[in-house]
Amino acid sequence: MSVAGRKTGKHRIVIVGGGTAGIPVAAALLRADSGTDVAIVEPSEHHDYQPGWTLVGGGDMRARDTRGQTAQVIPKGATWIKDAASGFDPAHNRLELASGTTLEYDYLVVAMGLQLDWEAINGLADTLGQNGVTSNYRYDLAPYTHQLAQGLGHGARAVFTQPAMPIKCAGAPQKALYLTADTLRRRHVDADLAFYNQGGAMFGVPAYARELDKIIAGYGATPYFGHDLIAVDGPGQQATFKTANGPVTTDFDMLHVVPPQSAPDVLKHSPLAGPGGWMTVDKHQLVHTRYDNVFGLGDCTDTPNAKTMAAVRRQFPVVVGALRRALGAAVETEPYDGYGACPLTVAHGKVLLAEFRYDGEVVSSFPLDPTQPRPIHWPLKKHVFPWLYWQVMLKGRHWSAPRPKPRPASTA
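Parameters and conventions
Residues numbered from 1 in each chain as written. Predicted model: local features only at pLDDT ≥ 70, side-chain atom pairs only at ≥ 80, totals over all residues. Heavy atoms only, no water. Helix = DSSP H or I, 4+ residues; strand = E, 2+ residues; numbered from the N terminus. Buried < 20%, exposed > 50% of the residue type's maximum accessible area, 1.4 Å probe, protein only. Axes fitted to C-alpha atoms, helices over the stretch in contact; angles between N-to-C directions. Left-handed = near helix turned anticlockwise from the far one by under 90°. Contact = heavy atoms within 4.5 Å. Nonpolar A, V, L, I, M, F, W, Y, C, P; charged D, E, K, R; others polar. Pairing = 2+ DSSP bridges.

A. The environment of lysine 76, seen in detail. Note on placement: lysine 76 falls in the loop between helix H3 (70-73) and strand E5 (79-81). Here lysine 76 falls in the exposed class, since its relative accessible area comes to 82%. Put simply, lysine 76 and arginine 31 are 45 residues apart on the chain and 9.4 Å apart in space, counted from C-alpha to C-alpha.

B. Here's a closer look at the packing of helix H5 (residues 172-186) against helix H6 (residues 206-218). One way to put it is that H5 packs onto H6 with a least axis distance of 10 Å and a crossing angle of 35°. Note that H5 runs across H6; the crossing there is left-handed. Contacts between H5 and H6 involve Gln174, Leu177, Tyr178 and Arg185 on the former and, on the latter, Leu212, Ile215, Ile216 and Gly218. When grouped by side-chain class, the residues that make up the contact of H5 with H6 number 5 nonpolar, 2 polar and 1 charged.

C. Quick peek at the sheet that holds strand E12 (residues 192-197). Pairing is parallel in the open sheet, where 5 strands are placed in the order E10-E17-E11-E12-E13. Each edge of the sheet is formed by a strand with only one pairing partner; in this case those strands are strand E10 (133-134) and strand E13 (222-225). Here E12 pairs with E13 via 4 bridges, running parallel. Counterpart to alanine 194 in the pairing with E13 is threonine 222.

D. Structural view of the side chain of histidine 348. Topologically, histidine 348 is positioned in the loop between strand E20 (340-347) and strand E21 (350-357). Apart from residues lying up to four places away in sequence, histidine 348 is in contact with Gly58, Asp60, Leu179, Asp182, Thr183, Arg186 and Trp378.

E. Seen up close, the pairing of E20. With 8 of 8 residues buried, E20 lies mostly within the body of the structure. Across 7 bridges, the pairing between E20 and E21 is antiparallel. Across the sheet, the residue bridging to alanine 341 is glutamate 355, located in E21. In this structure, the hairpin formed by E20 and E21 is closed by a connection of 2 residues, where glycine 349 is found at a positive phi of approximately 95°.

This is how it looks when you write it as structure tokens:
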């Protein structure tokens, strides 16, 4: 039920964020004990399956199939506070809401995700969705990505960008490139493809980066490393990048932009934040480094793992276990090991299922070399993972099999 607009008082457990991280925590707590007092602070009417936007941009999924209503995913028994956090006061176990009310708690879970800093790139916000400028990082723009790929002709120039880390789903910038390139190949269109990456490699885990180097070369696309997008001239169809040797400007017919990303402003300016603005937590237990009744998970924390849905799937049982122990239950959970996964759609019908843990350790849930793209992983990306998200993860259910296993040194 929505209680925005009046003083909300106190709840035993308050979860800030009703997205991919917050909903499973609430659902799992209530599955274990339906009488648990849990409140979820979430202003949005919509709940999105964001990993699907890559497929929307490739023409392999409909945008409407990635979106649900928040009211439909709030677990039964939870209190939905349809409001946004505007300030944290962990020393006094309370937070302020945008409506001006105060909310007190015994335990706090911060699952706010991150923010997309579109305005950090000069001229970008004014041209998104037109002039050939698009991004799969927004629900309303992903269909435009596919529209552009379908309309490019011979000799057209398609440019794809990747900002500085960390970002959510670090493979998504190049997924847009691969699906566009494959669309053009199937259309028998010879276009000029370029990938401008602020970093120095195609992927942060060398074993996967080596294979991705081959894949981008196979499409005839050119990677440019150390290039950070700083300005877009939409009407003139030009993009400008900062490099170590000064600014570089290039023309485009299609520009797929991934914006810089950071912790939400309300979090980065709070006592919960560390030097980089992210919430500081123990990387294995996900408890705040200074406040032992505050937990964080998902994209908003400073844990050194990939910011992916797969990471949250391994994180939320750790937080739920800690909260249940604090409430008196005798439960055990394994610490979070940094697991993350990125199903890299390298073509329509083919996926490289990259899995890894802290320190770039390559792991695999299947008895196959994880560095190789495979058609058998495409149904997982397109059908199985969305079903698991809506029907299992958001209902607070955790599945532990198959357990990822370390790969031999030869693949790492």
